[in-house]
Amino acid sequence: MTREQTINGLMSLVLGLVIGIFFHYLLYRFSLPKEPFIYANF
Amino acid sequence: MVSLATQNLNSDQKLVIIGGDSVALGRGQGPDLWTEKLQRKLGPAFKVINLAQTGMPVLTGPFIVFLALSEKYPTACYVGIGADLYVNDLEIPFHGYPHWWDAYYKGLLPNLPQIEASINQRFQESGISQREATDELKLGTFLDSIFYFRDLWTTVGYKWLFTVWTPPTSATFLKPRIQYQDIDPKPYPLETRFAGLNLRSEHDLITNFFGAYSTRNSINHKLKLSRRFLLFFEESARRNVPENVRSRVLTVRVRENPVVLNRALSKDEIHLLDEASQANIQVWKKIGVHTLYVGKDYQAADYLDGCHLSGTGGAKLADAVASEIMELK
């Protein structure tokens, strides 16, 4: 494996992780209520 | 919540799960919390965990935790404190918290065919927009059962970096949630405690459910309990509390502050409130659930406002609940 291929592989892995984490976080944000109830004042 | 309830639980300890609204939570009691007193009263043979949240009905997230643990811990019991005749179906999310489907897809619930049948039946009978909302909720909780995004990002937000902007945290919203103090008002001295109360808002808070469970007599225009609503409430209670756990469930109703009741409500309204409490007791007893009505003999000093209990009121509640828990099978 050439140096270029290693760098490409690493960059793909990092980018894949970043995109994966972003979508994982997006799922969490989609599931949140409009106003988190713990902050509602009673 | 399930792992929180069973954390450090000894095999010989009986679990007591507390659910319900801000009265159950002990809002305003600070370190003088009523469930701490309940724990001391019951002793080390019991483990009391308070999972109540403001504004919640008797049967919501903490009750689902109880259902999830009811088979594995046959001595566990559930205590729910809330308003009279406050109907809720387990799978309907309150303020966006889909506890039922969350537990369902994560495989935390035992086999509950009766509840599942009633959920399916109501789903078939519901309108298109309700079905779509349910489908979306189910999809979200199903995905969470695979990816666990709620657990991960809630932990991140709690411990390291809070990523959700909210008005109370707007100035420093990235600060982890653990660094923010809980919003818990400090009690005023008794002499001035009720002087500044907004009677209009106390009235509205106490009579919040009148519209649901009462009608007006067409002749004398007096408020009266709706028989149709009582039947609906009974049906809801039956379908949401499985028969095999009813002997381990205790519902508690705490009567509001008598001083505030007399100042904020008319005699008719107070009469209806007491009638609703009696009907509430009768329904729970009829289906075999233990129930307790406290507060008839409480003094003004036992309250922090119209409905929340002070340290002394909390101690009285802890005494009453402890005696009842000892009676549970």
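Located above this text is the structure these notes cover.
A quick note: this is a predicted structure, and the numbers were derived from the prediction, not measured.

Draft legend 1. Focus on the overall build of chain B. Each helix and strand in chain B was counted, giving 15 helices and 7 strands. For 329 residues, the compact-globule formula gives about 20 Å, and the C-alpha radius of gyration of chain B, at 20 Å, lands near that figure. With the C-alpha coordinates of chain B rotated into their principal frame, the extents come out at 55 × 45 × 45 Å. Of all intrachain contacts in chain B linking residues separated by at least 6 positions in sequence, the fraction that spans at least 24 positions is 75%. For chain B, the computed accessible surface area is about 16,600 Å², with 54% contributed by carbon and sulfur atoms. Treating the 36 positive side-chain charges of chain B as one cloud and the 35 negative ones as another, the clouds have centres 2 Å apart.

Draft legend 2. Just a nonpolar patch on the surface, in detail. On the surface, Leu10, Leu13, Leu17 and Ile21 of chain A cluster together into a nonpolar patch covering about 400 Å² of accessible area. Examined against the element boundaries, Leu10 of chain A turns out to sit in helix α1 (residues 3-31).

Draft legend 3. Spotlight on the environment of Asp32 of chain B. Residue and element names in this part refer to chain B. For Asp32, the position within the fold is in the loop between α2 (22-25) and α3 (34-42). The exposure class assigned to Asp32 is partly exposed, which follows from its relative accessible area of 39%. Spatially, the C-alpha atom of Asp32 lies 5.8 Å from that of Gly311, the residues being 279 residues apart in sequence. Of note is the side chain of Asp32, whose polar atom sits 3.1 Å from the side chain of Lys37.

Draft legend 4. Quick look at the sheet that holds strand β2 (residues 46-50) of chain B. Residues and elements named next belong to chain B. The sheet built from 5 strands is open, its strands ordered β2-β1-β3-β6-β7 with parallel pairing. Both edges of this open sheet fall to β2 and β7 (290-294), since each of them pairs with a single strand only. For this sheet, the mean angle separating the axes of adjacent strands, direction not counted, is 20°. In the packing of α3 onto the sheet, the strands contacted are β1 (14-20), β2 and β3 (77-81), and the crossing angle to β2 comes to about 170°.

Draft legend 5. Structural view of the nonpolar core. Residues and elements named next belong to chain B. Counting residues in hydrophobic clusters, the biggest one holds 82 residues, and the most contacted among them are Leu38, Leu67, Trp100, Val252, Leu317 and Val321. In contact with Val321, other than residues within four places in its own chain, are Trp34, Leu38, Val79, Leu250, Val252 and Leu292. Among the nonpolar cores identified, the runner-up in size contains 7 residues, and Phe149, Trp153, Phe162 and Val164 belong to it.

Draft legend 6. Expanded view of α1 of chain A. Helix length check: α1 of chain A, at 29 residues, gives a terminal C-alpha distance of 42 Å against a target of 42 Å (1.5 Å per residue), a fit within 8%. Inspection of α1 of chain A places His24, Tyr25, Tyr28 and Ser31 of chain A among the buried residues, and these make up the whole buried set. In the core, the buried residues of α1 of chain A are packed alongside α7 (128-147) and α8 (149-159) of chain B.

Draft legend 7. Inspection of the pattern of salt bridges at higher detail. Residue and element names in this part refer to chain B. Applying the stated criterion to the full structure yields 17 salt bridges over all chains. Across the pair Asp89 and Arg122 runs a salt bridge, and its minimum N-O distance is 3.4 Å. Taken together, the residues Asp89 in the loop between β3 and α5 (99-105) and Arg122 in helix α6 (residues 113-125) connect sequence positions 33 residues apart.

Draft legend 8. Structural detail: the side chain of Lys47 of chain B. Residue and element names in this part refer to chain B. Inspection of the secondary structure puts Lys47 in strand β2. Despite its burial, Lys47 pairs with no opposite charge; the closest candidate is Glu36, at 11 Å N-O. Here the side chain of Lys47 touches Gln7 through a polar contact of 2.5 Å, landing on its backbone oxygen. Beyond its immediate sequence surroundings of up to four residues, Lys47 is in contact with Leu4, Ala5, Thr6, Gln7, Leu9, Gln13, Lys14, Leu15, Val16 and Gln39.

Draft legend 9. Local environment of α8 of chain B. Those residues of α8 of chain B lying buried are Phe149, Arg150, Trp153, Val156 and Gly157 of chain B. Buried residues of α8 of chain B, seen end-on, are gathered within an arc of 140° and therefore sit on one face of the element. Lining the buried residues of α8 of chain B we find α1 of chain A together with α7 of chain B.

Draft legend 10. How the structure looks around the side chain of Arg150 of chain B. Structurally, Arg150 of chain B can be placed in helix α8. A relative accessible area of 17% places Arg150 of chain B in the buried class. When near neighbours in sequence (up to four residues on either side) are disregarded, Arg150 of chain B contacts Tyr28 and Ser31 of chain A together with Pro98 and Asp144 of chain B.

Draft legend 11. Main features of the packing of aromatic side chains. For the coordinates displayed, the defined rule picks out 17 aromatic pairs over all chains. Taking 5.7 Å as the distance between ring centres and 70° as the angle between the ring planes, the aromatic pair formed by Phe22 of chain A and Phe23 of chain A counts as edge-to-face. Aromatic pair Phe210 of chain B and Tyr213 of chain B: ring centres 5.8 Å apart, planes at 55°, arrangement tilted. Here Tyr213 of chain B and Phe210 of chain B lie together in helix α11 (residues 210-213), a separation of 3 residues that amounts to about one turn. Assessed through its relative accessible area of 6%, Phe210 of chain B is described here as buried. Following the ring pairs from residue to residue traces out a cluster consisting of Trp100, Trp101, Tyr104, Tyr105 and Phe142 of chain B. One Lys or Arg, Lys138 of chain B, reaches over the ring of Phe123 of chain B and ends 5.3 Å from the middle of that ring. Here Lys175 of chain B stacks its cationic end above the ring of Tyr180 of chain B, 4.8 Å away from the centre of that ring.

Draft legend 12. How the structure looks around the packing of α3 of chain B against helix α15 (residues 311-327) of chain B. Residue and element names in this part refer to chain B. Relative to each other, α3 and α15 sit at 40°, their axes nearing to 8 Å. Our classification of the angle between α3 and α15 gives oblique. For the pair α3 and α15, the crossing hand works out as right-handed. Contacts from Trp34, Lys37, Leu38, Lys41 and Leu42 of α3 reach α15 at Gly311, Gly314, Ala315, Leu317, Ala318, Asp319, Val321, Ala322, Ile325 and Met326. Counted by class, the contact of α3 with α15 contains 10 nonpolar, 2 polar and 3 charged residues.

Conventions adopted
Residues numbered from 1 in each chain as written. Chains lettered and ligands numbered in written order. Predicted model: local features only at pLDDT ≥ 70, side-chain atom pairs only at ≥ 80, totals over all residues. Heavy atoms only, no water. Helix = DSSP H or I, 4+ residues; strand = E, 2+ residues; numbered from the N terminus. Rg over C-alpha atoms; globule rule 2.2 N^0.38 Å. Contact = heavy atoms within 4.5 Å. Areas by Shrake-Rupley, 256 points an atom, 1.4 Å probe, with all protein chains shown as cover. Lys, Arg positive; Asp, Glu negative; His and termini not counted. Charge placed at Lys NZ, Arg CZ, Asp CG, Glu CD. Patch = residues over 30% accessible without salt bridge, like charges linked within 9 Å, V, L, I, M, F, W, Y side chains within 5 Å. Salt bridge = Lys/Arg side-chain N within 4 Å of Asp/Glu carboxyl O. Buried < 20%, exposed > 50% of the residue type's maximum accessible area, 1.4 Å probe, protein only. Polar contact = N/O pair within 3.5 Å; in protein donor to acceptor, adjacent residues only side chain to side chain. Pairing = 2+ DSSP bridges. Axes fitted to C-alpha atoms, helices over the stretch in contact; angles between N-to-C directions. Core = buried A, V, L, I, M, F, W, Y, C linked by side-chain atoms within 4.5 Å. Expected span 1.5 Å × (residues − 1). Arc of directions from axis to C-beta. Phe/Tyr/Trp six-rings, centres within 6.5 Å; stacked < 30°, edge-to-face > 60°. Lys NZ or Arg CZ within 6 Å of the ring centre and 35° of its normal. Parallel < 35°, antiparallel > 145°, perpendicular 65-115°, else oblique. Left-handed = near helix turned anticlockwise from the far one by under 90°. Nonpolar A, V, L, I, M, F, W, Y, C, P; charged D, E, K, R; others polar.

That's the geometry; what it means functionally is another story.
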